[in-house]
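Fold and geometry: a report
Residues per chain are reported as follows:
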Amino acid sequence: MSNQISAIRDSFSGRFAVVAAVAGSAVGLGNIWRFPYLVGQNGGGAFLLIYLLCVAVIGIPVMTSEFIIGRSAQLNPYGAFKKLAPGKPWCLIGIMGVAAAFMILAFYTTVAGWTLEYFYQSLTGNLMGKTDTELTGMFDDFLSSSFRPVLWFVIFMCFTAYIIISGVKKGIEKYTKIMMPFLFLLLIVLCIRSLTLPGGKAGLHFLFHPDFSKITPKIILEALGQSFFSLSVGMGTLITYGSYIKKDENLLASAGYITLADALVAVLAGIAIFPAVFALGGSPASGTGLTYIVLPGIFDKMPMGSVFSVVFFLLLSIAALTSTISVLEVIVAYLVEELKMSRKKATVAASLSVSVLGVITVLSFGVFGNISILDRNLFSFLEFLTSNIMLPVGGLFIVMFIGWFYSRDLTNDELTSGGLLKGSLIPVFIFIVKFVAPVAIAFVFLYSLGIIR
Ligand code: TRP
């Protein structure tokens, strides 16, 4: 049975393809939109430090655990837990993952739509020659209007659905392999421009000098949530992608490279944004619009800035696309394998239902701005609930599954690719998934709830 499944399952074609596809999922708006705005709101360097700690100590082990589960089960998250732990409630993690995927797609595609708007605005030359205040006003006006943000949302959702319908190899692989290196280069160009603006050095200080007095329970929870969000872990995306990885790939090494690349892109985004914030007179704590307000300011100060701006927002849209497809794929793989729908039907059903929630989310900056859940608008509520609660809870159970429940022999087998690799880091990995990561996640929850001080 299982051979039959793996025989018909699509898979990535090699080492670089795997790393590129998973990095394509990980690198996206999380690094370039969400990371800088959270750093700006949560005290700069102190946030960065805790974020990097979470990435290294918790992120890599959760990612590796998801790969192990996905590759050994060859199924979607729900089916994987049902197969590896029959008759046990572990499959609820899979259900939570599908639910999280719906909510993440709703707000993530919203921001992806903002990116398309900025791509369009740079094409028409509208972003150039504006002051920080004008750019802020422009962002706010766009955000609170009803038509354009919804239109861009729908367009982006259609792109995502189109790629998912065309399948893993043709769809996901093709788009990620080419675009990532370009985005990376362009970010470096932006960093150089930002750093050489007069007064920019203050931004570096803000980003790299942790002020420990700024650390609060809220900041720690935000940093943990962001580390999960940015690495795409905690909801089964990487269980699904793990099931497409060939048996001879080194899972632990791949997780290490991907994590490094992802954190590097986030830090580069920080180096591009904060010097410019200080040089051009914005506020680091201006919130969800930070990236969209600051970047046009940098392009304006560059030779051929309008060209760079077009290319950048295009690449950022594509980076967002390689992330949204990885989230939609979770829902689609579930519908196809568990409810036996055709791939096409599943994709249409999932995209339509996400769009209903998504349109309300888009409008939560405008006409639905008065809907408030726990003092947040719908957008920020979904962001909080998924990143800060559902992903870490999912991650906690995922590492505990590998650490305490799943067969040690099968884990070793996956990590050494059936004895092919040496696996000298396995004892460290086991120690972390058994003790360090679960305790750290539990600590952050208890601490941010005020249960421990
Ligand atoms: N990690 C992506 C980003 O940083 C977003 C993303 C893709 C994601 N798949 C996910 C987040 C799964 C959480 C879970 O842009």
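Reference entry: report on the structure contained in this document.

Here is what the cut-offs are and how they apply
Residues numbered from 1 in each chain as written. Predicted model: local features only at pLDDT ≥ 70, side-chain atom pairs only at ≥ 80, totals over all residues. Heavy atoms only, no water. Near = heavy atom within 4 Å. Polar contact = N/O pair within 3.5 Å; in protein donor to acceptor, adjacent residues only side chain to side chain. Areas by Shrake-Rupley, 256 points an atom, 1.4 Å probe, with all protein chains shown as cover. Helix = DSSP H or I, 4+ residues; strand = E, 2+ residues; numbered from the N terminus. Contact = heavy atoms within 4.5 Å. Axes fitted to C-alpha atoms, helices over the stretch in contact; angles between N-to-C directions. Parallel < 35°, antiparallel > 145°, perpendicular 65-115°, else oblique. Left-handed = near helix turned anticlockwise from the far one by under 90°. Nonpolar A, V, L, I, M, F, W, Y, C, P; charged D, E, K, R; others polar. Salt bridge = Lys/Arg side-chain N within 4 Å of Asp/Glu carboxyl O. Buried < 20%, exposed > 50% of the residue type's maximum accessible area, 1.4 Å probe, protein only.

Attention now moves to the site of the ligand. The full set close to the ligand counts 17 residues, and Ala-26, Gly-30, Tyr-108, Phe-229 and Ser-232 are the nearest of them. Between the ligand and Phe-229, the relevant distance is 2.7 Å, taken from a nitrogen atom to a main-chain nitrogen or oxygen of the residue. For the ligand, the accessible surface in isolation is 360 Å², of which the surrounding protein chains cover 100%. The set of elements that each furnish at least two residues to the shell around the ligand consists of α2 (15-26), α3 (29-41), α6 (91-123), α11 (217-231) and α15 (305-338).

Glancing now at the environment of Ala-85. Mapped onto the fold, Ala-85 is located in the loop between α5 (77-84) and α6. Sequence separation of Ala-85 and Phe-401 is 316 residues, and the distance between their C-alpha atoms is 9.4 Å. Once residues lying within four places of it in the same chain are set aside, the contact partners of Ala-85 are Trp-90, Phe-401 and Phe-405.

Before going further, it helps to spend a moment on the side chain of Gln-121. With respect to the secondary-structure elements, Gln-121 resides in helix α6. Every residue in contact with Gln-121, bar those within four places of it in the chain, is listed here: Asn-126, Leu-127, Met-138 and Arg-148.

Let us now look at the packing of α15 against helix α16 (residues 343-362). At a closest axis distance of 9 Å, the pairing of α15 and α16 adopts a crossing angle of 130 degrees. Relative to α16, the element α15 is oriented oblique. Regarding α15 and α16, the two cross each other, and that crossing is right-handed. Counting all contacts with α15, which are made through Leu-328, Glu-329, Ile-331, Val-332, Leu-335 and Val-336, the residues of α16 involved are Arg-343, Ala-346, Thr-347, Ala-350, Ser-351 and Val-354. Split by residue class, the contact of α15 with α16 holds eight nonpolar, two polar and two charged.

With the rule as written, the count across this model stands at eight salt bridges. When the shortest N-O distance is used, the salt bridge between Arg-34 and Glu-383 registers 2.7 Å. Placement of Arg-34 in helix α3 and of Glu-383 in helix α17 (residues 378-405) is noted, with a sequence separation of 349 residues between them. We classify Glu-383 as buried; its relative accessible area is 3%. For the salt bridge of Lys-247 with Glu-414, the shortest nitrogen-to-oxygen distance reads 2.9 Å. In this pair, Lys-247 is assigned in the loop between α12 (237-242) and α13 (251-280) and Glu-414 in helix α18 (residues 408-415), connecting sequence segments 167 residues apart. When its relative accessible area of 47% is taken as the criterion, Lys-247 is described as partly exposed.

The subject of this paragraph is the environment of Ile-325. With respect to the element layout, Ile-325 can be found in helix α15. For the pair Ile-325 and Thr-237, spaced 88 residues apart in sequence, the C-alpha separation works out to 9.9 Å.

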